[in-house]
Amino acid sequence: MSFDKLKGKMTEAHVSQAKLSEHLGITVQSLNAKLNGRTQFTLEEAIKITAFLNLKDPVDIFLAQASQKCNKQNQ
């Protein structure tokens, strides 16, 4: 997961943690824990974030580490 990319997309869209957490139906503290890698986003949350922020390529954000591992194994 690329937390920096997600935070950057939030900044570009002028979406605060408070606004995103409200949209997800979680507390700001829970969102902060997810954005800092202490807990994971659920699939439902990832889908909601993708729609809310109008992300064109959410795989780069939510599956960044997994796709990098696959690329290394295929080389």
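Residues numbered from 1 in each chain as written. Predicted model: local features only at pLDDT ≥ 70, side-chain atom pairs only at ≥ 80, totals over all residues. Heavy atoms only, no water.

S.K.: How should the overall build of the chain be read in this particular structure?
M.R.: When helices and strands are tallied, the chain shows six helices and zero strands. Put simply, the chain runs from its N terminus to its C terminus through helices and strands in the order α-α-α-α-α-α. Taking all 75 residues of the chain together, the buried fraction comes to 29%. Taking contacts inside the chain between residues at least 6 apart in sequence as the whole, the part at least 24 apart equals 51%. On the chain, roughly 5,200 Å² of surface is accessible, and the fraction owed to carbon and sulfur atoms is 51%. (Helix = DSSP H or I, 4+ residues; strand = E, 2+ residues; numbered from the N terminus. Buried < 20%, exposed > 50% of the residue type's maximum accessible area, 1.4 Å probe, protein only. Contact = heavy atoms within 4.5 Å. Areas by Shrake-Rupley, 256 points an atom, 1.4 Å probe, with all protein chains shown as cover.)

S.K.: What should I look at first to understand the packing of aromatic side chains in this one?
M.R.: Each aromatic ring pair is described using two quantities: the centre-to-centre distance and the angle formed by the ring planes. One pass over the structure, following the stated rule, counts one aromatic pair. With a centroid separation of 6.1 Å and 85 degrees between ring planes, the pair formed by Phe41 and Phe62 is classed as edge-to-face. Taken as a pair, Phe41 in the loop between helix H3 (28–35) and helix H4 (43–52) and Phe62 in helix H5 (residues 59–62) lie far apart in primary sequence, 21 residues in all. With respect to class, Phe41 is no different from Phe62; both count as buried. (Phe/Tyr/Trp six-rings, centres within 6.5 Å; stacked < 30°, edge-to-face > 60°.)

S.K.: Just to check I follow, could you spell out the pattern of salt bridges for this structure?
M.R.: Any two side chains of opposite charge can pair, on the condition that their charged atoms come close. Within this structure, the stated rule accounts for three salt bridges. Salt-bridge contacts for Lys9 lead to Glu12; the nearest nitrogen and oxygen are separated by 3.8 Å. Linking Lys9 with Glu12, this pair stays in helix H1 (residues 3–12), spanning three residues, or about one helical turn. For Glu12, a relative accessible area of 58% translates into the label exposed. (Salt bridge = Lys/Arg side-chain N within 4 Å of Asp/Glu carboxyl O.)

S.K.: Would you take a moment to explain the nonpolar core for this structure?
M.R.: In globular proteins that are soluble, nonpolar side chains generally tend to be buried together. The biggest cluster of nonpolar side chains holds 15 residues, and the ones touching the most others in it are Leu6, Leu20, Phe41, Ile49, Leu53 and Phe62. Listed by contribution, the elements that provide at least two residues to this core are H1, helix H2 (17–24), H3, H4 and H5. In this view, Leu20 contacts Met10, Val15, Leu31, Ile49 and Phe52; residues no more than four positions away in its chain are not counted. (Core = buried A, V, L, I, M, F, W, Y, C linked by side-chain atoms within 4.5 Å.)

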